[in-house]
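The residues making up each chain are set out below.
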Amino acid sequence: MTTVLTADIIAKEAVMILENDCVMGNLVYRGYEEEFSKNVNGYTVGETVSIRRPNDFTVRTGAVAATQDVVEGKISVTVDTQIGVDFKFTSQDLTLQIKELSERVIKPAMIQLANKVDGDVLGLYKYVPNHVTIPSGGMDSFADFALAAERMDLIGVPQDEGRSAVLTASDTWKLLGSQTALYMQDVAKSAYRTRKLGMIGGIDTYTSLNTKTHTTGDRTGTDLVDQALVDGTHTWATYKDATSVTLHMDGFAAATSTAKAGDTFTIAAVWDVNTVTKERLGHLKMFTVVSDFTASGSEGDVSIWPPLIMSGAQQTVSVDSGTEVNDNVVTWQGVASTGYPQNLFFHKNAFTLVTVPMVKPPGASEVGRQTYKGYSVRVIPVYDGINDHSMWRLDMLYGIKAIDPRLAVRASLAADI
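Residues numbered from 1 in each chain as written. Predicted model: local features only at pLDDT ≥ 70, side-chain atom pairs only at ≥ 80, totals over all residues. Heavy atoms only, no water.

J.: Help me understand the overall build of the protein chain, please; the structure alone is not making it clear to me.
T.: A tally of regular secondary structure across the protein chain gives 7 helices and 24 strands. Going through the 417 residues of the protein chain one by one, you find that 48% of them count as buried. When contacts within the protein chain are restricted to residue pairs at least 6 apart in sequence, those whose partners lie at least 24 apart make up 79%. About 19,100 Å² of surface is accessible on the protein chain, with carbon and sulfur atoms providing 51% of the total. (Helix = DSSP H or I, 4+ residues; strand = E, 2+ residues; numbered from the N terminus. Buried < 20%, exposed > 50% of the residue type's maximum accessible area, 1.4 Å probe, protein only. Contact = heavy atoms within 4.5 Å. Areas by Shrake-Rupley, 256 points an atom, 1.4 Å probe, with all protein chains shown as cover.)

Here you go:
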């Protein structure tokens, strides 16, 4: 039995294929779609919802109460990315079985959209300051894989089912190749069929061709912090609603040296802390550049994250008592002007993807909108009566955000740290 296919039927099939082919979209936090669901008429580019940042507290010792102010921060997620695929059907095409049409047209289109969404979410790596270095040769052992997992433990990333990793194709095959002496038939089958390597060290692990390669700026030389930073200079109250903080640096080798968004660095004598206990860790704190930077006269204000908060419930760094962070040496991750593929380890609460139903535009006689497992797709036909063709546009609208990049770790071959 043949069925005349409608916009709703095509949208329903498309959104299910989209959900099945997304990797990152199914691993990050999706709860904010509920905030947008109140507008039943749909959304347009630019709609925004505010997100509360998680609270932290200090633990008192003894029976005497020590009341702490609750200073909640918030950031916003904007649905600002509209993507789509457009195609043309004849009237004969529209009497085909949906299965046949799905294989010929809809599935290839949705695979393209799924890859675009995955690539955009993986592009949030640049907001992640935490980084580990894979030894020469790539991720060719469990020990290499465990470097990022260990760092997640050290910095206090929740040890629950929310942990995931998405690896580059190269490191995926190196890791699988290193396990050939082990009997892991189900892992190999899963990796071959679904891009899922399985659970490794409590981390749900996948591969993706959409992982990003970060190319560093041309910054070299003995760069320095050129700013007097003491306890209280950076406070949670000041930066609770921010996603960047300015750090003045000087000593760049060239007058117009550059740093790229995603470049990471450490500062001498500035140590990392566990996000929960605030205990000093055995490695220097890492920071990430969040906006491209070009020096002027070998110095300038660099937009970075996180701020250097030296005490309190939202403490991010530990420095020696009485130490002022000024003229401290900045050590950049990786060789200048070099590309490094980015493996990404993360808890789902580090990032969010929000997809929303789009508006039904005035004048469109038939509009199909379908939502499935948080994904939303809109389909609109436009008929060409002269040539008996139907042009169909398929759209989706979404926004992405690094909501708590403390809960993620990058792993690459970059040297120097």
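J.: For this particular structure, what's the right way to read the sheet that holds strand β5 (residues 163-167)?
T.: Through backbone hydrogen bonds, the strands of a sheet pair up, either in parallel or in antiparallel fashion. Spatial strand order, β4-β24-β19-β5-β7-β6: 6 strands in an open sheet with mixed pairing. With one partner strand each, in any of the chains shown, β4 (131-133) and β6 (196-200) form the two edges of the open sheet. The average undirected angle you get between the axes of adjacent strands in this sheet is 20 degrees. Pairing of β4 with strand β24 (residues 408-412), which is carried by 3 bridges, proceeds in the parallel orientation. Looking at the pairing, Thr133 lines up with Ser412 of β24. Contacts between helix α4 (residues 142-155) and the sheet are confined to β4, β5, β6, β7 (203-207), β19 (343-347) and β24, with β19 contributing the most and set at about 35 degrees to the helix. (Pairing = 2+ DSSP bridges. Axes fitted to C-alpha atoms, helices over the stretch in contact; angles between N-to-C directions.)

J.: I tried to follow helix α1 (residues 7-21) on my own but got confused; where do I start?
T.: Residues spaced three or four apart along an α-helix face the same direction, because each turn holds 3.6 residues. Counted at 1.5 Å a residue, the expected span for α1 with its 15 residues is 21 Å, and the 21 Å between its end C-alpha atoms agrees. Those residues of α1 that fall on the buried side of the exposure criterion are Ala7, Ile10, Ala11, Ala14, Val15, Ile17, Leu18, Glu19 and Asp21. (Expected span 1.5 Å × (residues − 1).)

J.: What is the right way to read the pattern of salt bridges from this model?
T.: Pairing is possible between side chains that carry opposite charge, provided their charged atoms lie close to one another. Enumeration according to the criterion identifies 9 salt bridges in this entry. Of the charged contacts, one joins Arg219 and Asp263 as a salt bridge, the two residues approaching to 2.9 Å between their closest N and O atoms. Placement of Arg219 in the loop between β8 (213-215) and β9 (223-225) and of Asp263 in the loop between β11 (258-259) and β12 (264-273) is noted, with a sequence separation of 44 residues between them. There is no split in this pair, since Arg219 and Asp263 are both buried. A salt bridge links Asp272 to Lys285; its shortest N-O distance comes to 3.1 Å. (Salt bridge = Lys/Arg side-chain N within 4 Å of Asp/Glu carboxyl O.)

J.: In this structure, what is going on with the environment of Leu176? I would like to understand it.
T.: Position of Leu176 relative to the elements: it lies in helix α5 (residues 169-178). The sequence separation of Leu176 and Ser141 amounts to 35 residues, and the corresponding C-alpha distance is 8.5 Å.

J.: I tried to follow unusual backbone geometry on my own but got confused; where do I start?
T.: As a rule of thumb, non-glycine residues mostly have phi less than zero, and peptide bonds are mostly trans rather than cis. Between Trp305 and the following residue, Pro306, the backbone shows a cis peptide bond with an omega angle of 5 degrees. Positive phi values are uncommon outside glycine, yet Ala269 reaches one of about 70 degrees. With respect to the helices and strands, the residue Ala269 is situated in strand β12. What makes Ala269 partly exposed here is its relative accessible area of 30%. The residue Ser337 is not glycine, and still its phi comes out positive at about 55 degrees.

J.: Even after reading the chapter, I still don't get the pairing of β24, so can you show me in this structure?
T.: Two faces belong to every sheet, and in a regular strand the side chains alternate between them. Across the 5 residues that make up β24, a large majority, 5, are buried. The alternating pattern of β24 places Ala408, Arg410 and Ser412 and Val409 and Ala411 on opposite faces, both of which are buried. One ladder, built from 4 bridges, connects β19 with β24; its direction is antiparallel. Across the sheet, residue Asn343 finds its bridge partner in β24, namely Ala411.

J.: Even after reading the chapter, I still don't get the confidence of the model for the protein chain, so can you show me in this structure?
T.: Any region with low pLDDT has predicted coordinates that should not be read closely. For the protein chain, the average pLDDT comes to 86, and 87% of its residues sit at 70 or higher. When mean pLDDT is taken per element in the protein chain, strand β14 (residues 293-294) scores highest with 98 and helix α6 (residues 185-194) scores lowest with 47. Predicted confidence is poor over residues 188-194, with pLDDT under 50, and the contacts of this stretch with residues over four places away or in other chains come to 5 contacts. (pLDDT = per-residue confidence, 0-100.)

J.: What am I meant to see in the environment of Pro307 here?
T.: Residue position: Pro307 is located in the loop between β15 (299-305) and β16 (317-318). A relative accessible area of 3% places Pro307 in the buried class. For the pair Pro307 and Val245, spaced 62 residues apart in sequence, the C-alpha to C-alpha distance is 6.0 Å. With near-sequence residues (within four places) excluded, Pro307 lies in contact with His234, Tyr239, Val245 and Thr316.

J.: What is the right way to read the nonpolar core from this model?
T.: Side chains that are nonpolar tend, in soluble globular proteins, to be buried together. Core analysis: the biggest nonpolar cluster contains 65 residues, and Leu18, Met110, Phe345, Phe346 and Phe351 have the highest contact counts within it. Of all the elements, helix α3 (residues 98-122) adds the most residues to this core, at 10 residues. Membership of the second largest hydrophobic core comes to 27 residues, among which are Val302, Val319, Val325 and Trp332. (Core = buried A, V, L, I, M, F, W, Y, C linked by side-chain atoms within 4.5 Å.)

J.: How should I be thinking about the pairing of strand β20 (residues 351-356) in this particular structure?
T.: Summarising burial for β20: 6 of the 6 residues are buried, a large majority. Burial along β20 is two-sided: Phe351, Leu353 and Thr355 facing one way and Thr352, Val354 and Val356 facing the other are all buried.

J.: Is there a simple way to think about the environment of Leu281 in this case?
T.: Tracing the chain through its elements places Leu281 in strand β13 (residues 280-289). Placed 36 residues apart in sequence, Leu281 and Val317 show a C-alpha to C-alpha distance of 9.5 Å. Beyond its immediate sequence surroundings of up to four residues, Leu281 is in contact with Leu154, Ile155, Trp271, Asp272, Val273 and Asn274.

J.: Help me out: how do you make sense of the packing of aromatic side chains in this one?
T.: Two measures describe an aromatic ring pair: the distance that separates the ring centres and the angle between the ring planes. Per the counting criterion, the structure on display carries 6 aromatic pairs. Taking 5.5 Å as the distance between ring centres and 20 degrees as the angle between the ring planes, the aromatic pair formed by Phe265 and Phe287 counts as stacked. Note that Phe265 is positioned in strand β12 and Phe287 in strand β13, a separation of 22 residues in sequence. The residues Phe265 and Phe287 share a single accessibility class, namely buried. Aromatic rings pair up to connect Phe142, Phe145 and Phe345 into one cluster. (Phe/Tyr/Trp six-rings, centres within 6.5 Å; stacked < 30°, edge-to-face > 60°.)

J.: How should the side chain of Thr172 be read in this particular structure?
T.: Counting through the fold element by element, Thr172 comes out in helix α5. In this view, Thr172 contacts Leu167, Leu197 and Thr207; residues no more than four positions away in its chain are not counted.

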